[in-house]
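# Inside the fold
Listed below are the residues making up each chain.
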Amino acid sequence: MSNMPAAEWEIDETLVRELLAAQVPELADRPLAMLANGWDNVMYRLGADLTVRLPRRKLAVPLIEHEQRCLELLAPQLPIPVPVPVHHGVPSERFPMPWSICPWFPGVLAADALFADPIREARRLGAFLTALHVAAPDDAPRNEWRGQDARVLAPRVAGNLVHIDLDGSTTVELVTSRFAALVDVDPHAGPPVWLHGDLHAANMLVDDGAISAVIDFGDITSGDPAVDLAIGWMLFEAEALEEFRRALPHADGATWSRGAAWALHFALMYLANSADNPRLNAMGRRLLPSVMSGELA
């Protein structure tokens, strides 16, 4: 396994307070606390109702820009809250990249939580994706890693398998065969639709047993909706997973199969890149057997 990508500049409380003082001084004296340090962004909680989101490497800069551009457009049609930026931080001499202030939502990451009623949450998440997965305009953000036909994942699947120690019940041959079967279906035939692009169990919040927000839209793009369906295998056991599928009228058998292929890819990606991230490792360990054992269509 390898570590998370290295940060390209240091982000600490001192920097965040300097940026606030320079650009939104009315917020500069609020309490500030580290929330998360992910692959792409660092998050601080700002007072009781806001968060500060800053890119930790250059590759993440477009992700901030995409959220700033797209979420205000999409939020009104979505039945679960999303973090529409309330302030667009501009590059400066102190920090030469864009950054955002967003709403804070209550809850813990879905990766660390249980649903009070999985069937209800499967329906709610299905309704959310149905509302999101509408035809996207030609100028929607492009993402070379998400939204393509799942068959393009084959080299990534093979590459990640090299770096993973599989348990005795799962072999490289079984995983490779499973992936080949999942992608042996028709490709997406409709227009490209809006996609979250990185919808996983650490990009969703759960409060009092219910989904309270879907977060981290930096990979927002358009394409095949199958990539977003992978969340089903991350969150739900068999009965709720089937309810999630029923809540997705646009997910025919081929789309569902491609979604499982994406889930398999994500499981291997998490496992191959989680040497310093126990949560990511746990997500991969749970997801891999889930998607290996499910029905194809």
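Look up a bit, the structure's there.
A brief look at the structure comes next. (Residues numbered from 1 in each chain as written. Predicted model: local features only at pLDDT ≥ 70, side-chain atom pairs only at ≥ 80, totals over all residues. Heavy atoms only, no water.)

## With respect to the overall build of the protein
Check the secondary structure of the protein and you find 10 helices and 10 strands. Here the C-alpha radius of gyration of the protein, 19 Å, is about what a compact globule of 297 residues would show, namely 19 Å. Taken over the C-alpha atoms alone, the protein extends approximately 55 × 40 × 40 Å along its principal axes. Counting across all 297 residues of the protein, residues that qualify as buried make up 54%. Contacts spanning at least 24 positions in sequence make up 72% of the contacts within the protein whose residues lie at least 6 apart. (Helix = DSSP H or I, 4+ residues; strand = E, 2+ residues; numbered from the N terminus. Rg over C-alpha atoms; globule rule 2.2 N^0.38 Å. Buried < 20%, exposed > 50% of the residue type's maximum accessible area, 1.4 Å probe, protein only. Contact = heavy atoms within 4.5 Å.)

## Overview of the sheet that holds strand β6 (residues 108-109)
Ordered in space as β6-β8-β9, the three strands form an open sheet in which the pairing is antiparallel. The sheet is open, and its two edges are formed by β6 and β9 (210-214), each paired on a single side. Here strand β8 (residues 204-207) pairs with β9 via four bridges, running antiparallel. Bridge pairing in β9 places aspartate 207 opposite alanine 210. Contacts between helix α3 (residues 118-132) and the sheet are confined to β8 and β9, with β9 contributing the most and set at about 25 degrees to the helix. (Pairing = 2+ DSSP bridges. Axes fitted to C-alpha atoms, helices over the stretch in contact; angles between N-to-C directions.)

## Looking at the pairing of strand β5 (residues 99-103)
Taking burial as the measure, the five residues of β5 include four buried ones, the bulk of the element. In this sheet, β5 lies alongside strand β3 (residues 50-55) in antiparallel orientation, the contact comprising four bridges. Bridge pairing in β5 places arginine 53 opposite serine 100.

## As for the packing of helix α5 (residues 172-183) against helix α9 (residues 253-272)
Axis separation between α5 and α9 bottoms out at 8 Å; the angle between their running directions is 150 degrees. Taken together, the axes of α5 and α9 are roughly antiparallel relative to one another. When the axes of α5 and α9 are compared, the crossing they make is left-handed. Residues Val175, Arg178, Phe179, Ala181, Leu182 and Val183 of α5 lie in contact with α9, whose contacting residues are Ser257, Arg258, Ala260, Ala261, Leu264 and Leu268. Looking at side-chain class alone, the contact of α5 with α9 contains nine nonpolar, one polar and two charged residues. (Parallel < 35°, antiparallel > 145°, perpendicular 65-115°, else oblique. Left-handed = near helix turned anticlockwise from the far one by under 90°. Nonpolar A, V, L, I, M, F, W, Y, C, P; charged D, E, K, R; others polar.)

## Points about the packing of aromatic side chains
Under the defined criterion, the tally for this structure stands at seven aromatic pairs. Plain terms: the ring middles of tryptophan 262 and phenylalanine 266 are 5.7 Å apart, the flat faces sit at 40 degrees to each other, and that makes the pair tilted. You can see tryptophan 262 and its partner phenylalanine 266 sitting in helix α9, four residues apart, about one turn around the helix. Residue class for phenylalanine 266 comes out buried when judged on its relative accessible area of 2%. Counting every residue linked through ring pairs, the aromatic cluster contains Phe115, Trp233, Phe236, Phe244 and Trp256. One Lys or Arg, arginine 45, reaches over the ring of tryptophan 104 and ends 3.5 Å from the middle of that ring. (Phe/Tyr/Trp six-rings, centres within 6.5 Å; stacked < 30°, edge-to-face > 60°. Lys NZ or Arg CZ within 6 Å of the ring centre and 35° of its normal.)

## Focus on unusual backbone geometry
In terms of backbone geometry, most residues other than glycine have negative phi values and most peptide bonds are trans. With phi around 55 degrees, aspartate 208 is a residue other than glycine that occupies positive phi space. Among the secondary structure elements, aspartate 208 is positioned in the loop between β8 and β9. For aspartate 216, which is not glycine, the phi dihedral falls at a positive 55 degrees. Along the chain, aspartate 216 falls in the loop between β9 and β10 (221-223).

## Considerations on helix α10 (residues 278-293)
Across its 16 residues, α10 extends 23 Å between first and last C-alpha, which sits within 8% of the 22 Å expected from 1.5 Å per residue. Those residues of α10 that sit buried are Leu280, Asn281, Met283, Gly284, Leu287, Leu288 and Val291. At its buried positions, α10 is contacted by α5, α7 (231-235) and α9. (Expected span 1.5 Å × (residues − 1).)

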